[in-house]
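Fold and geometry: a report
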Amino acid sequence: MEKKYPYQQLLERVNNSSDITPKNKAGLNDFLKNEHPGDVLFTKWTEPPIIEKGKCARVWDVDGKEYIDCIGGFSSMNIGHGDERVAKVIYDQYIKLSHWFDFPTPERLKLVKRLIDITPGDYKKKVRLALSGSDAVEIAIRTARNYTKKTHIISFYGAYHGQNIATIGITGAGSMHRWYNPIPAADHCIERFPYAYCYRCVYGKEYPGCDMHCVKAIDMIMSSTQTSLGNPYTKINNVAAMIVEPMQSSSGYIVPPREFLVELRKLADKYGFMLIFDEIQAGMGRTGKMFAAEHSGVAPDITIIGKALGGGVPMSAIVARAEYFDEMTPGYIVSTYAGYALGCAASNKVLDIFEEDDLLNKVTETGKHLEKVIEDYKNRHPVVGTYSQIGVYFGIEYVMDRKTKEPAPAFTMELVDTLRTEGLLAQMNGYHNNRISFVPPLVITKKDVDDIFAIMNRITEKLEKKYNII
Ligand code: PMP
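Just so it is clear, the model here is predicted, and its values are computed rather than measured.

1. Section: the domain arrangement of the chain
- If you check the domain split of the chain, you get domain 1 (6-82 + 359-466) and domain 2 (84-356).
- The straight-line distance from the C-alpha centre of domain 1 to that of domain 2 is 26 Å.
- Each partner contributes residues to the interface: domain 1 has 29 residues there, and domain 2 has 29 residues.
- Looking at the side of domain 1 that touches domain 2 element by element, the count peaks at five residues for helix α13 (residues 359-380).
- Across the side of domain 1 that touches domain 2, the residue classes tally to 12 nonpolar, 14 polar and three charged.

What follows is the structure, given as structure tokens:
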């Protein structure tokens, strides 16, 4: 039998579908023939739309269908699509100076100072700018290893920190490792521990009576002789840093208890390793604070920012204790477009907009409304096992049975797919492919929230019947 590549199977699916509208179908054909599809598109929807334009929290596909956008460029479009203030700054900056290699420009000097001011940590900081989240995480890890002269990095199951060769090792998603093996030798120096995903605590504990056992377990292991992280008896300590998402995003928008970061900070201080917070997805206002870690009142040693910083143009940043960068000889990190004037100007405007529009308070207000609506949604639908929500950061977990917590991945996939046909774009993810995360632009209104849950309630009930859950 003739070998069929996965893309050819997808093409067949697209071309056999009677539901895909003509321009979407033509676009998907071109796409699958000419590009390598990323992870998200076809694993989340059977028939992904080709999005042509966006405004605020809405997007439209090439056949003119309107959607409420709960993907938001994967948490990049926090200020909303099509903001004319950013567009004007980008235009003006392009005419003035778009880019002139890795040298300071006035916009860059201004942005760096602002990043120092807004990130948690009352200590002297320095910044390095980059383009993608993966770039920034790689730089943070290199910085930690260079400064401490140690090798090991602690990360968490369920974490997503990037997909390049340097970051794949600390990303917790095994399905991705499958594609990248063999991962480089340096990344064998990585130990992953369970995240504070309390609904499915791997230690069988229940919060709040658990005494944060997930952090205690790391301590128990680190204080033993049975780990490559070190040996307290022979005074070996191999750990350069721990990298953690203050809220775990790509695994399903999981909000850990407040004490999680507090206890991790204590652990970092006890063992003398750096604490790196990856705020690439949960940061930039999504939770109602500029950075998610602020809800715990904990400052890391390095904050990594990405995605929404540039408001739609690639920008990322590593904000670290000054001495970490001081230790490096100049030129240790260099990249052609890093800190480009256009990206810095856009980022400065994004930060202005947070102030001009009082965005953080608006997110908190929308979040309060969302809290009521989502609780009501849970009460109506036994298929909802649990949910996490803070500001407009929210994820919902679906189960076949609330008692056994049996995951409901087929239900979740069908729900996400049906929501798409009903004009709502959200993502399926989760440790068991049974969560949906909602990542709308921060400018969604209470009315948008009501519209989202009107669709959600209707479709969820329909599918609950189909799956014999009610
Ligand atoms: N860290 C986190 C928390 C992320 O969510 C992502 C992207 N989803 C990354 C790192 C990697 O960013 P990028 O895709 O821009 O390389």
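Structure shown, so let's carry the discussion forward.
2. What to know about the packing of helix α5 (residues 84-96) against helix α12 (residues 341-356)
- Packing of α5 against α12 leaves a shortest axis separation of 9 Å and a crossing angle of 150°. Regarding the angle of α5 to α12, the classification is roughly antiparallel. The interaxial crossing formed by α5 with α12 has right-handed handedness. Counted together, Arg 85, Val 86, Val 89, Ile 90, Gln 93 and Tyr 94 of α5 and Ala 341, Leu 342, Ala 345, Ala 346, Lys 349, Val 350 and Ile 353 of α12 form the full contact between these two elements.

3. As for the pairing of strand β1 (residues 51-55)
- Pairing between β1 and strand β2 (residues 58-61): four bridges, direction antiparallel. Looking at β2, one finds that Lys 53 is bridged to Trp 60.
- Connecting β1 to the antiparallel partner β2 that follows it, the hairpin turn spans two residues, and Cys 56 within it adopts a positive phi of roughly 50°.

4. Things to note about the pairing of β2
- In this structure, β2 lies alongside strand β3 (residues 66-69), joined through three bridges in antiparallel fashion. Following the sheet pairing, Trp 60 is matched in β3 by Glu 66.
- In this structure, the hairpin formed by β2 and β3 is closed by a connection of four residues, where Gly 64 is found at a positive phi of approximately 85°.

Criteria and cut-off values
Residues numbered from 1 in each chain as written. Predicted model: local features only at pLDDT ≥ 70, side-chain atom pairs only at ≥ 80, totals over all residues. Domains from an automatic or database assignment. Contact = placed C-beta atoms within 7 Å. Helix = DSSP H or I, 4+ residues; strand = E, 2+ residues; numbered from the N terminus. Nonpolar A, V, L, I, M, F, W, Y, C, P; charged D, E, K, R; others polar. Axes fitted to C-alpha atoms, helices over the stretch in contact; angles between N-to-C directions. Parallel < 35°, antiparallel > 145°, perpendicular 65-115°, else oblique. Left-handed = near helix turned anticlockwise from the far one by under 90°. Pairing = 2+ DSSP bridges.

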